[in-house]
Amino acid sequence: MGSLESFSGLGLVLGPPLGGFLYQSFGYEVPFILLGCIVLLMVPLNMCILPNYESDPGKHSFWKLIILPKVAFISFVITSLSSGFGFLDPTLSLFVLEKFNLPAGYVGLVFLGLALSYAISSPLVGLLSDKMPHLRKWLLVFGNLITAGCYVFLGPAPFLHIKSQLWLLVLILVINGISAGMSLIPAFPEILSCAHENGFEEGLSTLGLVSGLFGALWSVGAFLGPTLGGFLYEKIGFEWAAALQGLWALTSGLVMGLFYLLEHSRRRRRSKLQNILGTEEERTALLPDET
């Protein structure tokens, strides 16, 4: 998952500066025509390279997966993160052009802070998540909380009374890329492990179900982010709009942290109860029969 997201980050790295250069040099249509041609060429390439797998259909449904409490909360986190990325697409470039008067070609370079840090941190977080699975939940929680702080400082929010500066904006985008990787990479294996714990069979059917859910949630956030972001940017400005986006990330992080604390508390109580019952059984077995 970390390697996959590193290539997503690489696309985010190359897209804005290359698109800005093509726009400045050849006009509005050329970036879209070039991208369309590349995507079209990928179709036969994928058909030749990707292997075919045979798998029996799973017994469990999509709805049974999404109504699991843990999966529902992680779904909220994924949508929040995707919405955050989508929020920046229509708003950040306008804000940079208006605030710092940069040429269109240089605006794409501002996105490098976010995309490059996300591309570099994703495989590292993925490796850490695989080696130490017990850290996934805390990476997910603290990643959301840091992301919330990044959006508050992105403007920065007017109540902070901090002057907006280009170097601060780029620094916050770098931190945001790292924190997004912290939150997003553990989300997929957390959903997968939760599905297995709740009776979903291990195999390609469950993996496909989780992948489909992940993609659907990402698409929902990718729709909500630009839509609400553009509306809020027009009504209240970038600074307050970014702060509200941070509130979404803060809410998802706090809810996820509360859920993990309750889950840990339940497991501790269950473990103590099992220890007590085990001790009683051993004591009963050691007592002589009264006959």
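As a reminder, the structure under discussion sits directly above these lines.
Residues numbered from 1 in each chain as written. Predicted model: local features only at pLDDT ≥ 70, side-chain atom pairs only at ≥ 80, totals over all residues. Heavy atoms only, no water.

S.K.: Please explain the overall build of the protein as it appears in this structure.
M.R.: In terms of regular secondary structure, the protein is built from 10 helices and zero strands. The secondary structure elements of the protein, listed N-terminal to C-terminal, are α-α-α-α-α-α-α-α-α-α. Put simply, the protein has 291 residues, and 39% of those count as buried. Sequence-distant contacts, at least 24 apart, represent 82% of the contacts inside the protein between residues at least 6 apart. Carbon together with sulfur atoms contributes 69% to the accessible area of the protein, which is approximately 16800 Å² in total. (Helix = DSSP H or I, 4+ residues; strand = E, 2+ residues; numbered from the N terminus. Buried < 20%, exposed > 50% of the residue type's maximum accessible area, 1.4 Å probe, protein only. Contact = heavy atoms within 4.5 Å. Areas by Shrake-Rupley, 256 points an atom, 1.4 Å probe, with all protein chains shown as cover.)

S.K.: Help me understand the pattern of salt bridges, please; the structure alone is not making it clear to me.
M.R.: Side-chain pairs of opposite charge can arise where the charged atoms are in close proximity. Per the counting criterion, the structure on display carries two salt bridges. Across the pair E190 and K70 runs a salt bridge, and its minimum N-O distance is 3.2 Å. Of the two residues, E190 is situated in helix α9 (residues 187–197) and K70 in helix α4 (residues 69–100); the sequence distance between them amounts to 120 residues. Under the relative-accessibility criterion, E190 is labelled buried at 6%. The exposure class of K70 is buried, given its relative accessible area of 8%. In this structure, the salt-bridge partner of E239 is K99, at a minimum N-O distance of 3.9 Å. Pair noted here: E239 is in helix α10 (residues 204–286) and K99 is in helix α4, with a separation of 140 residues, a long-range link. (Salt bridge = Lys/Arg side-chain N within 4 Å of Asp/Glu carboxyl O.)

S.K.: I'm lost on the packing of aromatic side chains in this one. Help?
M.R.: In this description, an aromatic ring pair is defined by two values, namely the gap between the centres and the angle between the planes. Per the stated rule, a full pass over the model turns up 13 aromatic pairs. Aromatic pair F87 and Y151: ring centres 6.3 Å apart, planes at 70°, arrangement edge-to-face. In this pair, F87 is assigned in helix α4 and Y151 in helix α7 (residues 136–154), connecting sequence segments 64 residues apart. We classify Y151 as buried; its relative accessible area is 3%. (Phe/Tyr/Trp six-rings, centres within 6.5 Å; stacked < 30°, edge-to-face > 60°.)

S.K.: Can you help me understand helix α8 (residues 166–184) in this one?
M.R.: Working note: α-helix, 3.6 residues per turn, so residues spaced by three or four point in the same direction. Given a rise of 1.5 Å per residue, 19 residues ought to cover 27 Å, and the 27 Å separating the end C-alpha atoms of α8 matches this to within 8%. Every buried residue belonging to α8 is among L168, L169, I172, L173, N176, G177, S179, A180, G181, M182, S183 and L184, and all of these are buried. (Expected span 1.5 Å × (residues − 1).)

S.K.: Got a minute to help me understand the nonpolar core in this structure?
M.R.: One recurring pattern in soluble globular proteins: nonpolar side chains tend to sit buried together. Core analysis: the largest hydrophobic core is formed by 48 residues, its most contacted members being L65 and L154. For this core, the secondary-structure elements that each account for two or more residues are α4, α5 (104–110), α6 (112–131), α7, α8, α9 and α10. For this core, the element with the most residues is α10, which contributes 12 residues. If we ignore the near neighbours within four places in the chain, the residues touching L154 are L88, L169, I172, L173, F238 and A242. (Core = buried A, V, L, I, M, F, W, Y, C linked by side-chain atoms within 4.5 Å.)

S.K.: Looking at this structure, I do not really get the packing of α4 against α7. What am I missing?
M.R.: Angle between the axes and distance between the axes: these two values describe a pair of packed helices. Contact pair α4 / α7: the axes reach a minimum separation of 12 Å and the direction vectors enclose 25°. Compared by their axis directions, α4 and α7 come out roughly parallel. Note that α4 runs across α7; the crossing there is left-handed. In this structure, α4 uses V77, S80, L81, G84, F85, F87 and L88 to contact α7, whose residues at the interface are L140, N144, T147, Y151 and L154. (Axes fitted to C-alpha atoms, helices over the stretch in contact; angles between N-to-C directions. Parallel < 35°, antiparallel > 145°, perpendicular 65-115°, else oblique. Left-handed = near helix turned anticlockwise from the far one by under 90°.)

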